Structures are given as C-alpha cells and as structure tokens.
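# Reading the structure
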Amino acid sequence: MPIEIKMRKNEPIDRALRRMKKKLERESIIKDVRAKRYNEKPCERRRRKEKVMAFTAMLRRRHAE
C-alpha cells in the first residue's frame, strides 16, 4: 500500500515530510511495521493486549472520579 504525499507549491521539504509522518502515524503503518519486525508468540501477544486493556481501564476509572 503506497503512501503518496503531493508537494504543494513553494512548500518546504520538512513540512512535506512532517505531513507524511503524520499520515503514516494516523494509518498506524509505522506501528505495524515495528510490530512485525520480530516474531511474537500468541501468548505474548495476548499478554501484551491484556496489559494495555488493564492500563486503559485504570485510566478510565481514575478520570471517572
């Protein structure tokens, strides 16, 4: 899936790169690539997801008060 960023007229290259990075982040492409860099066992994947779910639940409880 190619990502295409069109340069606007008289736009600096750093601004175009920033737009590209934000687009990659929004589509979670970088996250997927980093996750697939190493093989992860199913039990490790489940444990990681449970840890994230527990953390978000803790934050929701904290902010609900």
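A brief report on the enclosed structure follows. These figures come from a predicted structure and were not determined experimentally. (Residues numbered from 1 in each chain as written. Predicted model: local features only at pLDDT ≥ 70, side-chain atom pairs only at ≥ 80, totals over all residues. Heavy atoms only, no water.)

### Some details on the layout of surface pockets
Formally: As defined here, a cavity is a set of points on a 1 Å grid over the protein atoms alone where a 1.4 Å probe fits but cannot get out. A pocket is an open set with protein on both sides within 12 Å along at least five of seven lines, and residues line them when an atom is within 4 Å of a point. Grid points are joined across faces, edges and corners, and a volume is the space filled by probe spheres set on the points. Note that Gly is not counted as nonpolar here; it falls among the polar residues with everything else outside the nonpolar set of Ala, Val, Leu, Ile, Met, Phe, Trp, Tyr, Cys and Pro and the charged set of Asp, Glu, Lys and Arg.
For the largest pocket, the calculated volume is near 190 Å³. Surrounding the largest pocket, Lys31, Asp32, Ala35, Lys36, Glu40, Arg45 and Arg48 form its lining. Here the residues of the lining of the largest pocket are counted per class, giving one nonpolar, no polar and six charged.

### Some remarks on the side chain of Glu11
Where we set the bar: By definition, any uninterrupted DSSP run of H or I lasting at least four residues is a helix, any uninterrupted run of E lasting at least two residues is a strand, and each is numbered from the N terminus. Here a polar contact means two N or O atoms within 3.5 Å. Within protein one must be a hydrogen donor candidate and the other an acceptor candidate, and residues neighboring in sequence count only if both atoms are side-chain atoms. Note on definitions: a residue-residue contact is assigned when non-hydrogen atoms from the two residues lie within 4.5 Å.
By the element assignment, Glu11 lies in the segment before α1 (13–26). A polar side-chain atom of Glu11 sits 3.0 Å from the main-chain amide nitrogen of Arg8. Glu11 has contacts with Lys6, Ala16 and Arg19, leaving out every residue within four places of it along the chain.

### What to know about the pattern of salt bridges
If charged atoms from side chains of opposite charge come close, those side chains can pair. Using the following cut-off: A carboxyl oxygen of Asp or Glu within 4 Å of a side-chain nitrogen of Lys or Arg is what we treat as a salt bridge. With a 1.4 Å probe rolled over the protein chains alone, any residue whose accessible area is under 20% of its type maximum counts as buried; one over 50% counts as exposed, and the rest are partly exposed.
Counted according to the given criterion, the structure contains four salt bridges. Of the charged contacts, one joins Arg19 and Glu11 as a salt bridge, the two residues approaching to 3.1 Å between their closest N and O atoms. Judged by its relative accessible area of 23%, Arg19 falls in the partly exposed class. The class of Glu11 is buried, set by a relative accessible area of 12%. For Arg46, the salt bridge goes to Glu50, with nearest N and O atoms at 3.7 Å.

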